[in-house]
Amino acid sequence: MHCSCVQIAVTAVNESCAVRESRIGLAPDACTNAALPTPANGDAASIVTLTAPLDSVPFTVDSDGTLPPLGPLLLGGALDRRGICWTLADTQRRAELGPFSLDAFVSILHEIDAPVLGLSVFNDALPLLIAALPHAARGRRVLVGGPGVLGNAETLLAEVPEIEAVVTGEAEVAFPELVCAAPRSHTLPGVVARGSSLRRPAAVVEPADQPSPAWQWCRDRGYSVVPLSTMRGCPFACQFCEVEVLAGRRVRRQDVSTVLSDLRRALDAVATRRVQVLDDAFTLAKSHLLRFCRELVVRGWDVEFEIFARPNTLDEESCEALAAAGCRRAYMGIDAGDDELLRRVSRGLTVSDAITGVDRAARWLEVVVSTMWGYPFESLAQLSAALQLGRCMRDRASAHPVHLMVHRLQPSVATPLFAEHHERLVLLDEVADHATARDERAVLDVIRRDRRTGSAFYRYETPDYLQKCRLLEAYQEEITCPR
Ligand code: B12
Ligand code: SF4
């Protein structure tokens with residue numbers, strides 16, 4: 001039996017444009033799949049996940065590589081299940097790699113000796129990818145996936161002949177099939193490949209088909225937070241968000257006992273007590289939340305965790321259960337400070353809901369409220385209202401602190417907002433300043449050429465832009481969220 005190894009290289013750039021990397025090979029005798037060619041060094045494929053934020057305000061607690069990449073770990077788990085040997089490289093710590101570092105990225109890809117290259121991207125990595133692949137693919141099969149491909153699959157195939165297929169949505173089923181070049185793998189849900197005129201919706205993988213993430217890969221790699229998923233999907237459809245396209249509106253929950261056995265393995269492998277629950281809809285199903293908390297208490301693992309929460313979904317009982325189970329912080333996206341704007345972006349929330357929810361949660365947990373600015377239809381007064389709302393929440397007396405984070409709205413291609421306002425995109429000022437070296441300018445050219453694949457480097461035109469910038473500058477000190 002030949003050994004067939006897949007090498008997964010995961011690349012992510014943190015907010016200061018530093019990048020991290022790590023790789024491991026699984027035991028060759030774990031491989032049973034003979035359909036893959038065997039290269040000299042035993043690796044058969046490689047995946048690179050690229051994320052390259054320019055926004056200096058991180059969205060979650062982790063933006064510095066303490067959190068291993070859950071999506072690629074799940075793909076690793078899916079390959080394990082098929083007996084396909086793989087390796088994973090997390091390039092988040094590679095200091096030489098930023099969103100414009102074409103030369104550095106090409107040499108990272110050259111280091112990888114595997115006939116299948118899988119690229120796991122956030123949308124801000126697309127221009128780098130497009131610029132790099134013609135120099136870096138070297139005849140290997142290239143598969144691309146991750147949240148960044150949403151709305152851009154066809155464009156990627158058209159722009160980059162080196163890409164064999166793009167997977168939109170959840171890839172635990174499609175990816176191993178593609179790696180093995182299984183018959184009809186190009187026709188699976190979520191797979192967009194050349195020659196197919198069919199537009200398939202993003203793939204959705206049911207809980208029973210979701211593998212356990214390959215937690216063992218995290219051992220001794222310096223990560224310190226476990227990324228935990230207990231459900232996928234979100235029933236809301238906020239106009240600026242791509243989760244509906246990525247994971248669908250139907251919420252698919254994992255059984256709590258499965259989640260907890262997974263968590264045990266993860267805590268052991270990462271050697272930590274810190275957990276980030278990544279679910280977008282965690283606080284929506286109260287019975288699931290209560291059961292998760294209860295069972296965590298029973299197990300007595302002394303875990304500390306953080307959650308994302310919609311302010312109008314946490315009642316007193318849920319807050320109390322969360323605090324008792326070790327939840328220390330809730331991230332609450334409010335995303336605007338005035339009811340008209342909240343309605344306009346279909347947030348399903350009012351300012352008064354938000355205040356009540358934050359007040360309630362802050363009796364039990366630290367709360368990080370996040371809001372966004374730069375909507376194409378946002379007035380200066382509406383931005384002031386958002387800042388004022390955050391300020392007022394922060395300054396109210398509560399048992400736990402409330403912080404405010406402010407993000408600039410990032411145009412995401414697969415959103416209703418983009419469909420309506422894509423004509424009104426403006427290149428970010430700081431982008432041109434970033435790209436000064438020869439290789440960086442090549443990436444900038446890609447960004448300038450195509451606003452869809454380059455959308456992460458644009459903003460929507462918004463009224464009173466300069467005055468808003470000044471307002472935010474003045475507010476900067478107050479929005480800094482202590483870790
Ligand atoms: C954790 C997280 C982060 C972490 C990532 C840390 C890490 N090491 O992984 C950090 C904090 C870095 C982060 C940052 C940002 N994030 Co974020 N993040 C998330 C979050 C909450 C969970 C991601 C996750 O792990 N999901 C669970 C796994 C199972 O899903 P997955 O990663 O998508 O992987 C599946 C598929 O995508 C696919 N897949 C993945 N890789 C590959 C590779 C191949 C080859 C194939 C075929 C398939 C494939 O299969 C996987 C298994 O099903 C999501 C919300 C969400 N619902 O997903 C937002 C989300 C992905 N983030 C988003 C955004 C906007 C950002 C920021 C731009 C925010 C900001 N302003 O700073 C930054 C920039 C990212 C960057 N360049 O660093 C957006 C989408 C962005 C986009 N379209 O690319 C999301 C969807 C949030 C939202 N509501 O809009 N984020
Ligand atoms: S912003 Fe949050 S609540 Fe709204 S659709 Fe996205 S994940 Fe769901």
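Residues numbered from 1 in each chain as written. Chains lettered and ligands numbered in written order. Predicted model: local features only at pLDDT ≥ 70, side-chain atom pairs only at ≥ 80, totals over all residues.

## Details of the overall build of the protein chain
Part 1 of the reasoning: Broken down by element type, the protein chain carries 16 helices and 17 strands.
Part 2 of the reasoning: Relative to its full complement of 483 residues, the protein chain shows a buried share of 53%.
Part 3 of the reasoning: In the protein chain, the proportion of contacts linking residues at least 24 apart, taken out of those at least 6 apart, comes to 80%. (Helix = DSSP H or I, 4+ residues; strand = E, 2+ residues; numbered from the N terminus. Buried ≥ 20, exposed ≤ 12 C-beta atoms within 10 Å, placed from the backbone. Contact = placed C-beta atoms within 7 Å.)

## Here we look at the nonpolar core
Part 1 of the reasoning: Formed by 144 residues in total, the largest nonpolar core has its most connected members in Ala-361 and Val-367.
Part 2 of the reasoning: Considering every element that reaches this core, the biggest residue donor is helix H3 (residues 126–136), with 8 residues.
Part 3 of the reasoning: Looking at this core, you find at least three residues from each of domain 1 (7–193) and domain 2 (225–419 + 459–480).
Part 4 of the reasoning: Excluding its chain neighbours within four sequence positions, the residues that come into contact with Val-367 are Ala-330, Met-332, Val-358, Ala-361, Ala-362, His-400 and Val-402. (Core = buried A, V, L, I, M, F, W, Y, C linked by C-beta atoms within 7 Å. Domains from an automatic or database assignment.)

## Section: the packing of helix H2 (residues 102–111) against H3
Part 1 of the reasoning: The N-to-C vectors of H2 and H3 enclose an angle of 50 degrees; their axes lie 9 Å apart at closest approach. Overall, the two elements H2 and H3 adopt an arrangement that is oblique. Between H2 and H3 the crossing geometry is right-handed. In contact with Leu-102, Phe-105, Val-106, Leu-109 and His-110 of H2, H3 contributes Leu-128, Ala-131, Ala-132, His-135 and Ala-136. (Axes fitted to C-alpha atoms, helices over the stretch in contact; angles between N-to-C directions. Parallel < 35°, antiparallel > 145°, perpendicular 65-115°, else oblique. Left-handed = near helix turned anticlockwise from the far one by under 90°.)

## Comments concerning the site of ligand 2
Part 1 of the reasoning: Every residue lining ligand 2 is accounted for by Cys-234, Phe-236, Ala-237, Cys-238, Cys-241, Val-243, Glu-244, Asp-280, Arg-310 and Gly-333.
Part 2 of the reasoning: Taken together, the residues that form the shell around ligand 2 break down as 6 nonpolar, 1 polar and 3 charged. (Near = placed C-beta within 6 Å. Nonpolar A, V, L, I, M, F, W, Y, C, P; charged D, E, K, R; others polar.)

## Quick look at the sheet that holds strand S12 (residues 304–308)
Part 1 of the reasoning: Strand order in the open sheet formed by 6 strands is S8-S11-S12-S13-S14-S15, with parallel pairing between adjacent strands. Sheet topology places strand S8 (226–228) and strand S15 (402–408) at the edges, where each strand pairs with a single neighbour. Strand-to-strand twist of the sheet, defined as the mean angle between neighbouring strand axes without regard to direction, takes the value 20 degrees.
Part 2 of the reasoning: Here helix H7 (residues 256–270) sits on the sheet in contact with S8 and strand S11 (274–277), set at roughly 160 degrees to S8.
Part 3 of the reasoning: Of the strands in this sheet, strand S14 (366–373) and S15 touch helix H12 (residues 380–395), which is tilted by about 175 degrees from S14. (Pairing = 2+ DSSP bridges.)

## Some details on the environment of Ala-381
Part 1 of the reasoning: Looking at where Ala-381 falls in the secondary structure, it is placed in helix H12.
Part 2 of the reasoning: Take Ala-381: there are 11 C-beta atoms within 10 Å of it, and that puts it in the exposed class.
Part 3 of the reasoning: With 87 residues separating them along the chain, Ala-381 and Lys-468 place their C-alpha atoms 9.5 Å apart.

## Quick look at the packing of H3 against helix H15 (residues 438–449)
Part 1 of the reasoning: Their axes nearest at 9 Å, the elements H3 and H15 cross at an angle of 115 degrees. Crossing of H3 over H15 shows right-handed handedness. Every residue of H15 that contacts H3 at Pro-127, Leu-128, Ile-130 and Ala-131 is listed here: Ala-442, Val-443, Val-446 and Ile-447.
Part 2 of the reasoning: By residue class, the composition of the contact of H3 with H15 is 8 nonpolar, no polar and no charged.

## Comments concerning the environment of Leu-284
Part 1 of the reasoning: Along the chain, the position of Leu-284 falls in the loop between S11 and helix H8 (286–299).
Part 2 of the reasoning: Under the C-beta neighbour-count criterion, Leu-284 is labelled buried, with 20 such atoms within 10 Å.
Part 3 of the reasoning: Along the primary structure Leu-284 and Cys-234 are separated by 50 residues, whereas in three dimensions their C-alpha atoms are 9.1 Å apart.
Part 4 of the reasoning: If we skip the residues at most four places from it in the chain, Leu-284 touches Val-251 and Thr-313.

## Re the pairing of strand S6 (residues 163–167)
Part 1 of the reasoning: Among the 5 residues in S6, 5 count as buried, and that is most of the element.
Part 2 of the reasoning: Strand direction decides the pairing type here: strand S5 (residues 141–145) and S6, joined by 3 bridges, are parallel. Counted as the bridge partner of Val-142 is Ile-163 from S6.
Part 3 of the reasoning: For the crossover that starts at S5, traverses helix H4 (residues 153–159) and ends in the parallel S6, the hand is right-handed.
Part 4 of the reasoning: Pairing between S6 and strand S7 (residues 191–193): 3 bridges, direction antiparallel. The partner of Val-167 across the bridge, within S7, is Val-191. (Right-handed = clockwise from strand over helix to strand, strands pointing away.)

## As for helix H1 (residues 70–81)
Part 1 of the reasoning: Along its 12 residues, H1 runs 16 Å from first to last C-alpha, staying within 8% of the 16 Å computed at 1.5 Å per residue.
Part 2 of the reasoning: Most of H1 is tucked away: 10 of the 12 residues are buried.
Part 3 of the reasoning: Remark: Gly-83 follows H1 within two positions and exhibits a positive phi of approximately 75 degrees. (Expected span 1.5 Å × (residues − 1).)

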